[in-house]
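Letter by letter, the chains look like this.
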Amino acid sequence: MIRPRKWLPMPLLSVLLLVVWLLLMNSVALRHWLLGGVLAIVIPVITEPFWEAQPRVKKPFLLVRYFFRVLLDIIIANLEASKVILDPRGRARPAFVEYPLELQENFTITMLASTITLTPGTVSAHLRMDGKTLLIHALDVDDIDDMIRHIHERYERPLKEIFEC
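To start, this report covers the structure provided alongside it. (Residues numbered from 1 in each chain as written. Predicted model: local features only at pLDDT ≥ 70, side-chain atom pairs only at ≥ 80, totals over all residues. Heavy atoms only, no water.)

1. Considering the pattern of salt bridges
If the charged atoms of two oppositely charged side chains come close together, the side chains can form a pair. Our working rule: One side-chain nitrogen of Lys or Arg within 4 Å of one carboxyl oxygen of Asp or Glu is enough to make a salt bridge. Numbering of helices and strands runs from the N terminus; a helix is a DSSP stretch of H or I covering at least four residues, while a strand is a stretch of E covering at least two. Think of it in three bands: residues with accessible area under 20% of the maximum for their type are buried, residues over 50% are exposed, and the middle band is partly exposed, with areas taken using a 1.4 Å probe on protein chains only.
Counted according to the given criterion, the structure contains 10 salt bridges. Between aspartate 140 and arginine 93 there is a salt bridge whose closest N-O contact spans 3.3 Å. With aspartate 140 in the loop between β3 (133-138) and α6 (144-163) and arginine 93 in the loop between α4 (60-86) and β1 (95-100), this pair connects stretches of sequence that are 47 residues apart. For arginine 128, the salt bridge goes to glutamate 98, with nearest N and O atoms at 2.8 Å. With arginine 128 in the loop between β2 (122-127) and β3 and glutamate 98 in strand β1, this residue pair connects regions lying 30 residues apart in the sequence. A relative accessible area of 31% places arginine 128 in the partly exposed class. Take glutamate 98: its relative accessible area is 47%, and that puts it in the partly exposed class. Taken together, the shared-partner salt bridges in this structure form one network comprising Asp87, Arg89 and Arg91.

2. Things to note about the environment of leucine 63
For clarity, the cut-off: Any two residues whose heavy atoms approach within 4.5 Å at even a single point are treated as in contact.
For leucine 63, the position within the fold is in helix α4. On the basis of relative accessible area, leucine 63 is assigned to the partly exposed category, the value being 28%. Sequence-wise, leucine 63 and valine 97 are 34 residues apart; in three dimensions their C-alpha atoms are separated by 26 Å. In contact with leucine 63, not counting residues within four places along its chain, are Val57, Ile162 and Phe163.

3. Regarding unusual backbone geometry
One non-glycine residue, asparagine 26, lies in positive phi territory at about 55°. By the secondary structure assignment, asparagine 26 is in the loop between α2 (11-25) and α3 (30-47).

4. Examining the pairing of β3
Rules: We treat two strands as partners when DSSP finds at least two bridges between them.
Counting buried positions along β3 yields 5 of 6 residues, so the element is predominantly enclosed. Judged from the 6 bridges that link them, β1 and β3 form a sheet pairing that is antiparallel. Directly across from glutamate 98, in β3, lies its bridge partner leucine 135. Sheet topology note: the β2/β3 ladder contains 5 bridges and is antiparallel. When the sheet's bridge partners are listed, leucine 127 is paired in β3 with leucine 134.

5. Concerning the nonpolar core
As a reminder of what qualifies: Nine residue types can take part in a nonpolar core, namely buried Ala, Val, Leu, Ile, Met, Phe, Trp, Tyr and Cys, and a core is a set of them joined through side-chain atoms within 4.5 Å.
Counting residues in hydrophobic clusters, the biggest one holds 24 residues, and the most contacted among them are Tyr99, Leu112, Leu134, Ile136, Met147 and Ile151. Of all the secondary-structure elements, those providing two or more residues to this core are α4, β1, α5 (106-118), β3 and α6. Looking at this core element by element, the count peaks at 7 residues for α6. Leaving out residues up to four positions away in the same chain, isoleucine 136 has contacts with Ala95, Phe96, Val97, Tyr99, Ile116, Thr122, Val123, Ala125, Met147 and Ile151.

In structure tokens form, the structure reads like this:
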């Protein structure tokens, strides 16, 4: 017997591929369901060796809370970045900050770097080869240590709880 994990290694990706196929075809005819279904099964099977293992979500409710926290922070950072950009006196204090990482998994480091980049006024610029330091460019920094502490408390620690307990 064929194990389901072998022929359907990423079920959510397969469903997403089928839905996208049907939307692209702009039809729900049987032939599109069949071809989309074949592609939705074959593509993940072929590409599976190239995918890195994804960590399991240990605390899903914390992930939902993290999502809303980041959403709120993006809104607030938009307002703060607009204020800095529109300031006629031009008092922006840009800086590069070397952020020491506690996270160890590639996926969670990518989540942290993406969260930082999504927040207006900050960009994840470089991850050191040893994976222990993330270089961040910030548009306006009062105190570098305070920024490091803020990122650790708001983003890194929750990600560690969610994925790497």
